[in-house]
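Take a look at the letters that make up each chain.
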Amino acid sequence: MTTIGVLALQGAVREHLRAVKACGANAIEIKRKEQLAEIDGLILPGGESTTIRRLIDSYDFFDAIQDFGQQGKPIFGTCAGMILMATAIKDQDTAHLKLIDMEVARNAFGRQVASFEADVEVHGIAADFNAVFIRAPYVVKAGPDVEILATYNEHIVTVRQGNYLATAFHPELTDDNRMIAYFVQMVKKAVAST
Ligand code: GLN
């Protein structure tokens, strides 16, 4: 059976585990880099990107996650996870894992509307996805190989580049599992092609 790991250093881990299981795949918490060998796809959850990055370094996950992606194994970043995957972060000198060719802005929707829900059309996945945004980022620049799957108020909020997927919102916080199901399918296809 397809097994998907959720990086369990900080953030919305349990909700992702529930959603992955609801989509009929195995879901495990990843707390040590050695566990990456047991999974077919990885989710980087929402939370606080700077905190997650600090823990990625303390637990020596940085190279291991990049290697995982370079092996063609799918990675899905949600909210803080999207920030971790970007090659550039607005107003910051350095970025994190640099997996998707994009620049993101943190807390991009501003303080007044820090958290909100909106119906978003995600191309090929859902015409009306109820997206939960919590101090969410958005993509300010996407490279030529980046597919834009969703925008909200003209801001890019879902992207895919090869086996990498990222959303600015939290798809695991509602009962609508279509976004996670899409990632599970990406993982199944990646397994089938190896
Ligand atoms: N604003 C957070 C950050 O910069 C992300 C928020 C979230 O993941 N819900 O890391």
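Labelled according to an unreviewed UniProt entry, the protein appears under the name Pyridoxal 5'-phosphate synthase subunit PdxT, originating from Virgibacillus salarius. Here the protein is described in UniProt, under the heading Pathway (unreviewed entry), as follows: "Cofactor biosynthesis; pyridoxal 5'-phosphate biosynthesis."

Caption draft 1: Seen up close, unusual backbone geometry. Phi at Lys98 takes a positive value of approximately 55 degrees, unusual for a residue other than glycine. As for its placement among the helices and strands, Lys98 is situated in the loop between strand E5 (86-89) and strand E6 (100-105).

Caption draft 2: View of the UniProt feature "active site" (unreviewed entry) in the protein. Here, the residues flagged by UniProt with the feature "active site" (unreviewed entry) are Cys79, His170 and Glu172. Despite a sequence span of 94 residues, these residues sit close together in the fold, their greatest C-alpha distance being 10.9 Å. Of note, His170 is situated in the loop between strand E12 (164-167) and helix H5 (178-192). Apart from the residues lying within four places of it in its own chain, the contact partners of His170 are Ala12, Gly46, Thr78, Cys79, Val132 and Ile134.

Caption draft 3: How the structure looks around the nonpolar core. Met85, Val104 and Phe183 are the most contacted members of the largest nonpolar core, which totals 65 residues. Among the elements that line this core, the one with the most residues is H5, at seven residues.

Rules and cut-offs
- Residues numbered from 1 in each chain as written.
- Predicted model: local features only at pLDDT ≥ 70, side-chain atom pairs only at ≥ 80, totals over all residues.
- UniProt positions renumbered as here; feature names shortened; annotations may be inferred.
- Helix = DSSP H or I, 4+ residues; strand = E, 2+ residues; numbered from the N terminus.
- Contact = placed C-beta atoms within 7 Å.
- Core = buried A, V, L, I, M, F, W, Y, C linked by C-beta atoms within 7 Å.
- Buried ≥ 20, exposed ≤ 12 C-beta atoms within 10 Å, placed from the backbone.

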